[in-house]
Amino acid sequence: RHAIVNASAPSSASPVLLFLGNPYEGGRHKCYGELSRRLVRVGAMLTYTYKAFGEEAFGQRLSQRATVCVNLHKKCGARAALEAVRVAQVMSFGDCLVLSERAHALDESSYEGIVRFADNVSDIAAAFARLVEDGGRWRSEAAAAAHRFRRTFAPTAIFRRAGVYRAFGLEDPVRPDSL
């Protein structure tokens, strides 16, 4: 085990699958190991990084390695809450696709078009293999996901959904279609 995997920077044609965090915590190692074995079979690379504290270190780790990130729950295979803070960090640093194990229904609904949810590790590996085979097409999907994230989770959009403007009798400062 080591803190940071030294992976070469991804080429524009070949995405690297990155897990942010320690894959050996809890039961996560089962899913991480299985995903790694499945990806090796298709010639793809899975890597991880953790101990990237602070905005600069996190952004550097992400830009050096990530083109596609994977979200694995601490309990392998469990339908748990989406690690929304991790997804927000990833999406805040640029265009990145996020593949994830299934999450609670409300999380999946909130992150539709932002995160790709898969039933199991085998399906995550298959989805990533398809991205690799598609050449550079995954980049436009990553850009679309990042745009949708920015629209969905902009402060004004959150306030609007929460009814803040109505509750205080304020005029909505931005129309949703202009974000």
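Calculation notes
Residues numbered from 1 in each chain as written. Predicted model: local features only at pLDDT ≥ 70, side-chain atom pairs only at ≥ 80, totals over all residues. Heavy atoms only, no water. Helix = DSSP H or I, 4+ residues; strand = E, 2+ residues; numbered from the N terminus. Buried < 20%, exposed > 50% of the residue type's maximum accessible area, 1.4 Å probe, protein only. Contact = heavy atoms within 4.5 Å. Areas by Shrake-Rupley, 256 points an atom, 1.4 Å probe, with all protein chains shown as cover. Phe/Tyr/Trp six-rings, centres within 6.5 Å; stacked < 30°, edge-to-face > 60°. Lys NZ or Arg CZ within 6 Å of the ring centre and 35° of its normal. Salt bridge = Lys/Arg side-chain N within 4 Å of Asp/Glu carboxyl O. Disulfide = S-S within 2.5 Å.

**Quick look at the overall build of the protein**
What the protein contains, in helices and strands, is eight helices and five strands. Ordered by position in the sequence, the α and β elements of the protein form the string β-α-β-α-β-α-β-α-β-α-α-α-α. Burial status across the protein gives 42% buried among its 179 residues. Across the protein, the fraction of contacts at a sequence separation of at least 24, relative to all contacts at a separation of at least 6, is 68%. Carbon together with sulfur atoms contributes 52% to the accessible area of the protein, which is approximately 9700 Å² in total.

**Concerning the packing of aromatic side chains**
Summed over all chains, the structure comprises seven aromatic pairs. Taking the centre distance of 5.2 Å and the plane angle of 40 degrees together, the rings of Phe149 and Phe153 count as tilted. Given the relative accessible area of 9%, Phe149 is considered buried. Sitting over the ring of Phe153, Arg161 keeps its end group 5.8 Å from the ring centre.

**Considerations on the pattern of salt bridges**
Under the counting rule described, the total for this entry stands at eight salt bridges. The network of salt bridges with shared partners includes Arg79, Arg102, Glu108 and Asp119.

**Here's the deal with the state of the cysteines**
The final tally for this structure, using the stated rule, is one disulfide. In this model Cys31 forms its disulfide with Cys76; the gap between the sulfur atoms is 1.9 Å. With the S-S dihedral at roughly 90 degrees, the linkage between Cys31 and Cys76 falls on the right-handed side. Of this pair, Cys31 sits in helix α1 (residues 28-41) while Cys76 sits in the loop between β3 (68-71) and α3 (84-92), and the two are 45 residues apart along the sequence. In this structure Cys69 is a free cysteine whose sulfur lies 3.4 Å from that of Cys96, the closest cysteine sulfur available. For Cys69, a relative accessible area of 3% puts it in the buried group. On the accessibility criterion, Cys96 (2% relative accessible area) is buried.

**Thoughts on the side chain of Thr152**
Secondary-structure assignment places Thr152 in helix α6 (residues 137-152). Owing to a relative accessible area of 18%, Thr152 belongs among the buried residues under this scheme. Sequence-distant contacts of Thr152, that is, excluding residues within four places in its chain, are made with Ser110, Ile114, Ala157, Ile158 and Arg161.

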